[in-house]
Every structure is written in structure tokens, then in C-alpha cells.
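# Overview (structure and organization)
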Amino acid sequence: KTVVDGIEYLLQSIAPYRKKDPETEEECETLENIFDALAASLFSCSLNVQPFLDAQGIELMLRCLREKVHAGGGALRVLNYVLSGNSSNGVGNAVVIKKEEVEEENADNNDATMVSMRACEQFVDAGGLKVLFPLFMGRGSAVPNPAKCSDGGSALAAKAGERLRKLRENDNTNGDDHDDDNEKKKNKKGLSKRERRALQARKEWLHNVETNSIQIMYALTRHLDDSSAYDAKARLLVKFVESDCEKCDRLIELCLKYSEKMRLKEYRYYRSDEAEEAENAGIDVDLAALHAKLKGGGDVFHRVGAITAFAAVGSRRCHEHIIEQLTVRNSGISVIKESIAEFAGMLEEGNQKSQLEYYLNTI
């Protein structure tokens, strides 16, 4: 029999696009499907992670990001999955199982955690922090560009974005007051259906870059510890201290941004017809609202809070800077504590929850 190394095969299929973009819609879709298959294989089975590391998968993903090609978007998604790992230590494990099965599952989780730690260490050693932090900081020059054959990278998306910018400038010049809903309606005015679709694809691309970079950052703070190889944890922590703690400023910006987004989603859900219909159907409305809240930014808010706590607990300078900047923004450390407490409350007992509780008690 011929044995095919699936991980190696997927990486070889991606490799030609580390320097070039797909040229047709079909080619673009095929590349995205390959990335999806790779991400799914790494997330669903931790046994696939070590072959990925041995085949220099992390280095290939970083190469795609450095070249700022279309493949960089998929590479960021794959790095999120491989560094975050898949643990059953999360929300929703309400299945009754035997003691022997629990012990076996805990052993599997410990193995998966060790693999994730090795992946994070290799990411740092391969120069991943230099690639990740500009993306985390939201610097446009670091963001991979979607291919021209895709909706988000098309000339139509650029044209629609420019028209939208001019519409907003006119609104600001005229001194128009508007809420989010009215602004969205105005934004759509004058744009064709194809332009709106292209513009939405571009927004989703940028949103995915931001959220994946946050997820990766959280994975590093979660899995790296003082015993990590290559001084990986210390190298990560020093990044938050350098340049007058500018990364901490970004953390606060993101924390307040996603706190507002999730609260707005929760509020709108409670006021929606969907909530009333759910209540009439006997569905737990509070649980449904929590789902809307998490989907609307709460999941990212929790991880940004945990990253902020990592920096604050690891560095006195970061801690003082974070408190100072929160005060300047008419906020306080309570917003970070709220994020961590809510996050920890959704997890079952385990290393992840223990780490968050440690942050909560120390910060």
C-alpha cells in the first residue's frame, strides 16, 4: 500500500502560493479549501500537529504572512488553530462519562497541551512575534492582501471603499448626527449590490485578520510558561514593555471596543422579536442572549482581557501603564477583571481556568 502523508500533501499544495496570488476565482476557492482542510485536521486531532511542526508548517505560514499575499489570510487561520489547540476543557461539556473515561480524557488533554506548547515555542523561535505584533497592532502595511480575483481584493472593493469614505466625509462636513443603524443605511445608499458584497468581503477579511491575531496572541500567553524553550515567554512579555508600552495601549483599545460591541449585541437581542419568540417557545432566553453576546464580540473580549492580564501580572511597568490609560479613558481595571471572571466562569476545571483565576486574584 502507498501511504500518503496528508499534512505534507496539504503543505505542498500551499507552498506555490507563498509568493504569488491565485489568478482565478476557482483557484482562489481551491486554495481556501486547502487551508480549511489543514486547519480542521490540526484542530480536530492533536496527533496531526507534530507532523505539521516537523514539516516546517509554521515557517511556511509565516512566509506567506511576510510576503503579504492572499495565502497570508489562510495562514493566519491555520496558525490560530495549531497554536490554540483543541481541548475539551471548554464550554458545554455536560455529558456524563465514567471515571476511567475522564482519566483518559485528562491524559489526552495534557498531551494536547504539551503539543500546543511546543507549537508556540517553535512559533517564537521561527520569528513569529515579529510577524504577529504588527498585525495585532492593526498596522495596514502588515496585513496580507486578498487576491484580485477574490471579492475582498477586487478593484470593485477598493472603488466601493473610496465611495463610502467620501460619503462619510460629507456626513461629517455637514455635521449629521446618526446612530449605527442609520449610518449603515446611509453607507448602502449609492452602492450597487455587487459593490456592497465586495465591500463586505473586504471588511470580513480585515476583521478575520484582527480576530485571528488576537486568538494567536492569547494562545501564546496561555501555553508559554517560565519553562518554555527559547525563553519564549520572556520574549513575548518584553514586547508589551518595549516602545513605552504601546502594545498595552492597543490592548486597552481592543478591550473597550469589544466590550461595547458585545454589550450592544446582548442589548439588541433582548429587545428583538427573536428573544420574544424564544421565550414563548420555552427556550432559555438568557442563554440565547449569551450566545449572541459571545458571537457579537464577547469571545474576543474575553481573550483580550486575558492577554491584558498576562502583561499586567508579568510586568509592574505594564500594570501601572494599563491602570493609568484605563483611567484616562474613564474606565478602570474592573473591565479587565469582568472579562476574566466571565471567561473563567464558562470553563470547566483545568489549567486554562486555573490560569485565569490566578490572573483574577493577582491583577
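Residues numbered from 1 in each chain as written. Predicted model: local features only at pLDDT ≥ 70, side-chain atom pairs only at ≥ 80, totals over all residues. Heavy atoms only, no water.

### Section: the pattern of salt bridges
Tallied over the entire structure, the rule returns 17 salt bridges. Ionic pairing is found between Glu-210 and Arg-250, a salt bridge with its closest N-O pair at 3.3 Å. Of this pair, Glu-210 sits in helix H10 (residues 193–223) while Arg-250 sits in helix H11 (residues 232–270), and the two are 40 residues apart along the sequence. Since its relative accessible area comes to 14%, Glu-210 is described here as buried. Residue Arg-250 is joined to Glu-253 by a salt bridge in which the shortest nitrogen-to-oxygen separation is 2.9 Å. A residue pair is termed a helical-turn pair when its members lie 3 or 4 positions apart in one helix, as Arg-250 and Glu-253 do in helix H11 at three residues. Judged by relative accessible area, which is 8%, Arg-250 ranks as buried. (Salt bridge = Lys/Arg side-chain N within 4 Å of Asp/Glu carboxyl O. Helix = DSSP H or I, 4+ residues; strand = E, 2+ residues; numbered from the N terminus. Buried < 20%, exposed > 50% of the residue type's maximum accessible area, 1.4 Å probe, protein only.)

### Focus on a negative patch on the surface
Taken together, the side chains of Asp-273, Glu-274, Glu-276, Glu-277 and Glu-279 present a region of like negative charge at the surface. Relative to the helices and strands, Glu-277 is located in helix H12 (residues 273–280). What makes Glu-277 exposed here is its relative accessible area of 55%. (Patch = residues over 30% accessible without salt bridge, like charges linked within 9 Å, V, L, I, M, F, W, Y side chains within 5 Å. Areas by Shrake-Rupley, 256 points an atom, 1.4 Å probe, with all protein chains shown as cover. Lys, Arg positive; Asp, Glu negative; His and termini not counted. Charge placed at Lys NZ, Arg CZ, Asp CG, Glu CD.)

### Let's talk about unusual backbone geometry
Its identity as a non-glycine residue notwithstanding, Lys-68 has a phi of 60°, on the positive side. With respect to the helices and strands, Lys-68 occurs in the loop between helix H4 (57–66) and helix H5 (71–84). Exposure remark for Lys-68: the relative accessible area of 32% places this residue in the partly exposed category. Non-glycine residue Asp-244 carries a positive phi angle of around 55°.

### Concerning the side chain of Ser-259
Relative to the elements of secondary structure, Ser-259 occurs in helix H11. For Ser-259, a relative accessible area of 7% translates into the label buried. The residues contacting Ser-259, other than those within four sequence positions of it, are Phe-301 and Val-335. (Contact = heavy atoms within 4.5 Å.)

### Concerning the environment of Ile-340
Inspection of the secondary structure assignment puts Ile-340 in helix H15 (residues 334–345). Every residue in contact with Ile-340, bar those within four places of it in the chain, is listed here: Gly-305, Ala-306, Ala-309, Leu-356, Tyr-359 and Leu-360.

### Some remarks on the state of the cysteines
All chains considered together, the criterion is met by zero disulfides. Cys-149 provides the cysteine sulfur closest to Cys-28, a residue in no disulfide bond, and the two sulfurs are 4.4 Å apart. By relative accessible area, which is 7% here, Cys-28 ends up buried. (Disulfide = S-S within 2.5 Å.)

### A look at the nonpolar core
Ranked by size, the top nonpolar core spans 86 residues in total, and within it Leu-38, Phe-52, Met-61, Leu-83, Phe-123, Leu-220 and Phe-240 carry the most contacts. The element that contributes the greatest number of residues to this core is H11, accounting for 13 residues. With residues up to four places along the chain from it excluded, the contact list for Leu-38 reads Ile-7, Leu-10, Leu-11, Ile-14, Phe-52, Met-61 and Val-78. Ranked by size, the runner-up nonpolar core spans six residues in total, among them Ala-275, Ala-278, Val-285 and Ala-292. (Core = buried A, V, L, I, M, F, W, Y, C linked by side-chain atoms within 4.5 Å.)

### Digging into the packing of aromatic side chains
Enumeration over the complete set of coordinates arrives at seven aromatic pairs. Ring centres 5.3 Å apart and planes at 75° place the aromatic pair Phe-43 and Tyr-81 in the edge-to-face group. Residue Phe-43 is found in helix H2 (residues 25–44), and its partner Tyr-81 is found in helix H5; the two are separated by 38 residues along the sequence. On the basis of relative accessible area, Phe-43 is assigned to the partly exposed category, the value being 34%. For the ring pair Tyr-269 and Tyr-270, a centre distance of 6.4 Å and an interplane angle of 65° mean the geometry is edge-to-face. Classification of Tyr-269 by relative accessible area gives buried; the value is 8%. Since its relative accessible area comes to 38%, Tyr-270 is described here as partly exposed. Aromatic ring contacts, followed pair by pair, group Phe-133, Phe-136, Phe-240 and Phe-310 into a single cluster. A cation sits over an aromatic face here: Lys-20 above Tyr-17, 5.6 Å from the ring centre. (Phe/Tyr/Trp six-rings, centres within 6.5 Å; stacked < 30°, edge-to-face > 60°. Lys NZ or Arg CZ within 6 Å of the ring centre and 35° of its normal.)

### Observations regarding the confidence of the model for the protein
On average, the protein scores 89 in pLDDT, and the residues at 70 or more come to 87%. Predicted confidence is poor over residues 88–105, with pLDDT under 50, and the contacts of this stretch with residues over four places away or in other chains come to 16 contacts. (pLDDT = per-residue confidence, 0-100.)

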